[in-house]
Amino acid sequence: CSQMKTANSFPQGFTAQCGQGYPTSGFGVTSSLVSAFSDCVSSCQKGTGCVALTYQAGTCYLYTSTPSPLTTSPTADSATYNDPTTNPNYPAGASCSTIASTGKPTWVSTQCGAKYSTATAITSLTKPSYGDCAEFCHSQNSCAAFLFQESNSQCFPYTAPVSGTPGTNNDYSYGIVTH
């Protein structure tokens, strides 16, 4: 990455997007002036809820929810902090069992293998994992809970936690999000 000015290596848990930048507003973004790309990475690691970063011309942008879109920019480098074993704030790509066993992130409570059939979802959208569905729900103020179906990668967000007793179905997992 051109902004790194050092070897192209990131600490464990980061994935680089060289020559690309995320939007500089929305997605829980905060910004600060820093002297180097490594300072931006260090800021993201400090447990501030950071899940992604962009470093552009001395400004570090930290994001608390997954930003998009990623756009080409010769003066920007970005990274996602996407390893649930090293970043307690980022569940993307993680299964329900990984999140349940690590207790991370702390803003989602999990019920793996649980299916509620009494609620109507706000919408249905495709997400690659339980963790990505959790992250989507966490990024939406109107979302309080979600159901994820493994077999077809469908995410069903809800405006309120579902009441009642769930059925057992290993194809589904349920989560309640705290904002």
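Analysis parameters
Residues numbered from 1 in each chain as written. Predicted model: local features only at pLDDT ≥ 70, side-chain atom pairs only at ≥ 80, totals over all residues. Heavy atoms only, no water. Core = buried A, V, L, I, M, F, W, Y, C linked by side-chain atoms within 4.5 Å. Buried < 20%, exposed > 50% of the residue type's maximum accessible area, 1.4 Å probe, protein only. Helix = DSSP H or I, 4+ residues; strand = E, 2+ residues; numbered from the N terminus. Contact = heavy atoms within 4.5 Å. Pairing = 2+ DSSP bridges. Axes fitted to C-alpha atoms, helices over the stretch in contact; angles between N-to-C directions.

J.: Tell me about the nonpolar core, residues and numbers included.
T.: Within the largest apolar cluster, 14 residues are counted, with the highest numbers of intra-cluster contacts made by Val108, Tyr130, Phe146 and Val177. Sorting elements by how many residues they give to this core places helix 3 (residues 130-139) first, with four residues. Apart from residues no more than four positions distant in its own chain, Val177 is found in contact with Trp107, Val108, Ala134, Cys137, His138, Ala144, Ala145 and Phe146.

J.: Outline the side chain of Thr59, supporting the account with residue identities and numerical values.
T.: Here Thr59 lies in strand 4 (residues 59-63). In this view, Thr59 contacts Ser31, Ser32, Leu33 and Thr54; residues no more than four positions away in its chain are not counted.

J.: Go over the sheet that holds strand 5 (residues 71-81), please, and point to the residues and values.
T.: Consider a sheet: its strands pair through backbone hydrogen bonds, and that pairing is either parallel or antiparallel. Overall, antiparallel pairing links the five strands, which are arranged 1-5-3-4-2 in an open sheet. Only two strands of the sheet have a single partner each, and these edge strands are strand 1 (14-21) and strand 2 (30-33). On average, adjacent strands in this sheet sit at an angle of 20 degrees to one another, irrespective of strand direction. Where strand 1 meets strand 5, seven bridges bridge the pair, whose relative direction is antiparallel. Across the sheet, Thr15 pairs through a bridge with Thr80, a residue of strand 5.

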